[in-house]
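# Tertiary structure, described
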Amino acid sequence: MPEKQTHEVEFLLFAPYNEEVTLIGDWNDWQPIPMQKDERGHWRVSVPLADGTYQYKFMVKSLSYFMRGQMTAVFDPYAQHVTLDADENSLITIENGQRILTHYQWQHDEKPLPGNHELVIYELHVGDFSGGPGDEEAEDRRKGRFVDVIDKMDYLADLGINAIELMPVKEFPGERSWGYNLRSLFAVENSYGTLDDLCRLVDEAHGRGIRIIIDGVYNHSDSEAPFTKIDYAYWYYEENPDPPHVQWGPKFNFYHHDTNLDVWPARQYVVDSIMFWVDTFHIDGIRFDATAIINNYEFLGWLQAQIYQKIGGIKPFITIAEHVPQDPSITGADGPMDAAWHESFMHQVMSTVLGIPENGREPYSIDGLMNVMDPRQNGFDSAEDVVNYLNNHDQDRVIWQLGEKAGLLGEPAFRRNKLGAALLLTSPGKPMLWMGEEFAESAPKTIDYQPLDWALLANETNNDLRNRYRGLIHLRRHTPAFHGDSIELIMRDDERGIFAFKRWNDQGNVAVIVVNLHDKFAGEFVISNAGLEDGHWHEYLYDYDTGVQDGVLRDSLAESEVKIFLKV
């Protein structure tokens with residue numbers, strides 16, 4: 001039998017001050033192959049390999065303070081895939097003598113995608129999005145994978161969202177995690193599927209006009225990440241400068257500059273990773289985890305510039321900061337990010353939804369609501385700068401809080417949830433839902449395995465809530481009045497807890513939203529002296545026509561009810 005043709009394949013590791021590095025792999029029964037360091041600090045060796053898939057690691061003489069001088073095995077920090085087993089070996093595939101990342105053929109690169117001002121975001125965790133009640137495990141494989149998100153892409157498109165924010169999908173230890181303990185900025189989490197699977201997920205989303213935003217964790221890594229063992233203080237702070245309650249792992253040192261090589265090691269690793277994900281997976285944005293803990297606007301601004309230089313205006317892209325506590329300076333004309341999670345919106349609106357004081361907020365304060373519903377009053381330049389939400393993966397779910405904190409169950413709880421949904425989806429700013437919020441997933445928050453209960457959609461009340469979210473999302477996306485900064489309080493009755501506000505654009509598109517903050521019948525309301533145009537108006541949620549005469553709009557409100565009037 002003739003020998004298979006081999007080709008020289010180069011392996012490379014950046015470890016500029018380490019004194020010894022060897023390559024080990026399964027093609028020669030893991031026998032060490034010496035590597036040579038070049039003048040830029042890269043250890044290199046070429047190996048003759050036939051076509052196929054191989055496992056490999058590097059053996060490095062460590063410079064890390066806790067194991068200095070010891071030989072340690074690490075997977076390739078730039079590997080795009082590692083094995084699922086505990087060994088975490090790097091994987092490389094050779095075809096026709098070339099490294100192959102994916103075989104995926106993109107189908108929808110030319111599909112127009114929504115601009116940043118149009119986004120309605122749906123945050124989801126791949127591992128928990130599928131496989132729960134009503135979505136049982138397949139016989140041939142467990143669920144909680146990229147392909148299972150693809151299976152539900154039509155559901156998401158029908159809901160109306162046009163952006164999916166994936167919680168971290170990069171390599172973490174084990175098979176179950178939220179992903180914030182990542183070990184690599186390159187490798188795709190192997191328990192979720194292959195690189196091809198992730199490519200297809202993005203492409204299938206794009207085919208439906210849905211953008212994909214990934215959760216980028218750049219403050220810290222897992223304690224077993226390769227660079228922690230190679231030369232800890234070169235990439236990380238040897239002494240973590242953060243308060244103990246936010247020390248989530250080795251912290252990247254973005255201030256460290258290697259003057260000998262004129263390189264910023266941690267910065268280079270992060271930017272290389274981002275460019276890889278943009279190129280390989282065609283992502284449309286990044287949600288930056290813990291930017292307040294990163295606490296380096298100069299680095300974040302530099303990173304933003306690198307990203308947009310790479311994108312070159314070819315496609316819409318967005319950078320979103322999770323910046324807690326809230327600080328508007330992270331975004332806007334002088335800030336390093338495009339937008340930020342709007343924490344004060346969540347605190348005030350959830351206090352209102354629950355009907356109880358929360359986080360220093362009063363539930364029925366019209367002034368408090370109008371303050372957070374207009375991001376400019378919170379110090380932001382524009383509605384473009386904020387992402388509003390009722391809950392996300394860090395908060396308890398809306399319906400759970402209504403039961404546990406407010407003691408509300410059944411129909412009253414669903415009325416309050418609908419009230420919150422209406423405020424979320426009619427306020428200035430980009431709205432974001434946390435997976436399952438739209439059908440009242442009620443499980444308490446946990447980082448343990450907890451797939452969504454899709455069986456809830458068989459219940460009339462849960463399905464009705466989903467339809468309310470669906471209708472509000474459709475309204476928001478197709479009503480130009482909701483796409484800008486405009487908001488004006490046009491009626492208030494503090495005693496009864498009802499108020500109305502107006503949204504509009506410069507082309508005459510106008511919407512009036514009337515809200516009953518209390519879960520008791522409010523009866524008639526009158527809006528006058530608000531500049532409303534006489535003529536036919538349409539109430540959107542209940543689908544009936546009414547009119548404005550002499551600038552006066554009259555109607556009534558039931559318990560916790562919201563009505564939305566559009567000028568016909």
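Before reading on, note that the structure itself is shown above.
Quick summary incoming for the structure in this document. (Residues numbered from 1 in each chain as written. Predicted model: local features only at pLDDT ≥ 70, side-chain atom pairs only at ≥ 80, totals over all residues. Heavy atoms only, no water.)

A word on the nonpolar core. Most often, soluble globular proteins have nonpolar side chains that are buried together. Residues Phe11, Phe58 and Leu124 are the most contacted members of the largest nonpolar core, which totals 159 residues. Among all residues touching Leu124, those that are not within four sequence positions of it are Phe129, Val149, Leu156, Ile164, Glu165, Leu166, Met167, Trp434 and Met435. Judged by nonpolar contacts, the second largest core, of 17 residues, contains Ala522, Phe525, Trp537 and Leu557. (Core = buried A, V, L, I, M, F, W, Y, C linked by side-chain atoms within 4.5 Å. Buried < 20%, exposed > 50% of the residue type's maximum accessible area, 1.4 Å probe, protein only. Contact = heavy atoms within 4.5 Å.)

For the rest of this paragraph, the subject is the layout of surface pockets. A probe as big as a water molecule, rolled over the atoms, marks out the empty space that is left. Reported here for the largest pocket is a volume of approximately 750 Å³. In terms of lining residues, the largest pocket is bounded by 36 residues, among which Asp76, Tyr78, Ala79, Gln80 and Arg99 are the most central. With 5 residues, helix 6 (residues 265-281) is the largest single contributor of residues to the lining of the largest pocket. Residues belonging to the lining of the largest pocket are distributed by class as follows: 22 nonpolar, 9 polar and 5 charged. Empty space within the second largest pocket amounts to approximately 440 Å³. The wall of the second largest pocket is formed by 23 residues, among which Trp248, Asp289, Glu322, Val324 and Asp394 lie closest to the centre. Of all elements in the fold, only helix 7 (291-294) and helix 9 (343-354) reach the threshold of two or more residues within the lining of the second largest pocket. Take the lining of the second largest pocket: its biggest share by element is 3 residues, from helix 9. (1 Å grid on protein atoms, 1.4 Å probe; cavity = no way out; pocket = protein on both sides within 12 Å on 5 of 7 lines; lining within 4 Å. Points joined across faces, edges and corners; volume = space filled by probe spheres on them. Helix = DSSP H or I, 4+ residues; strand = E, 2+ residues; numbered from the N terminus. Nonpolar A, V, L, I, M, F, W, Y, C, P; charged D, E, K, R; others polar.)

Right, let's get into the side chain of Ser177. Residue position: Ser177 is located in the loop between strand 11 (163-166) and helix 4 (195-207). With near-sequence residues (within four places) excluded, Ser177 lies in contact with His125, Phe172 and Tyr192.

Pairing between strand 22 (residues 535-539) and strand 23 (residues 544-548): 5 bridges, direction antiparallel. Following the sheet pairing, His536 is matched in strand 23 by Gly547. Across 3 bridges, the pairing between strand 22 and strand 25 (residues 562-567) is antiparallel. Note on strand 25: the bridge partner recorded for His538 is Leu566. (Pairing = 2+ DSSP bridges.)

Let us now look at unusual backbone geometry. Pro325 follows Val324 through a cis peptide bond whose omega is 5°. Along the polypeptide, Pro325 turns up in the loop between strand 14 (318-321) and strand 15 (339-341). In this structure, Glu88 is a non-glycine residue whose phi angle is positive, near 50°. Inspection of the secondary structure puts Glu88 in the loop between strand 7 (71-74) and strand 8 (90-95). Even without a glycine there, the phi angle at Asp262 is positive, about 50°. Secondary-structure assignment places Asp262 in the loop between helix 5 (226-235) and helix 6.

If you trace the 8 strands once around the closed barrel, you get 10-11-12-13-14-15-16-17, paired in parallel fashion. Ignoring which end each strand starts from, the neighbouring axes of this sheet average 30° apart. The strands touched by helix 12 (residues 410-426) are strand 16 (386-389) and strand 17 (430-434); relative to strand 17, the strand with the most contacts, the crossing angle is about 145°. (Axes fitted to C-alpha atoms, helices over the stretch in contact; angles between N-to-C directions.)

Relative to the elements of secondary structure, Gly368 occurs in helix 10 (residues 366-373). Relative accessible area serves as the criterion here: at 14%, Gly368 is assigned to the buried category. Considering only alpha carbons, one finds Gly368 and Thr352, 16 residues apart in sequence, at a separation of 9.7 Å.

Another aspect to go through is helix 13 (residues 460-478). In this model, helix 13 (19 residues) spans 27 Å end to end at C-alpha, consistent with the 27 Å of a helix rising 1.5 Å per residue. Listed as buried for helix 13 are Asn462, Leu465, Arg466, Arg468, Tyr469, Gly471, Leu472, Ile473, Leu475 and Arg476. Of the surrounding elements, those touching the buried residues of helix 13 are helix 3 (153-159), helix 12, strand 17 and strand 25. (Expected span 1.5 Å × (residues − 1).)

Another aspect to go through is the packing of helix 12 against helix 13. Following both chains from N to C, one finds helix 12 and helix 13 inclined at 15°, their axes separated by 10 Å at the closest point. It follows that helix 12 is roughly parallel to helix 13 by the angle criterion. As for how helix 12 packs across helix 13, the hand of that crossing is right-handed. Where helix 12 approaches helix 13, its residues Glu411, Phe414, Asn417, Lys418, Ala421, Ala422, Leu424, Leu425 and Thr426 are matched on the opposing element by Thr461, Asn462, Asp464, Leu465, Arg468, Tyr469, Leu472, Ile473 and Arg476. (Parallel < 35°, antiparallel > 145°, perpendicular 65-115°, else oblique. Left-handed = near helix turned anticlockwise from the far one by under 90°.)

This paragraph deals with helix 9. An ideal rise of 1.5 Å per residue puts 16 Å on 12 residues; helix 9 measures up with 17 Å between its terminal C-alpha atoms. With respect to burial, helix 9 is a largely interior element, 12 of its 12 residues being buried. Those residues of helix 9 lying buried are Glu343, Ser344, Phe345, Met346, His347, Gln348, Val349, Met350, Ser351, Thr352, Val353 and Leu354. Buried positions along helix 9 lie against strand 15, helix 10, strand 16, helix 11 (398-404) and helix 12. Positive phi shows up at Gly355, right after helix 9, with a value of about 75°.

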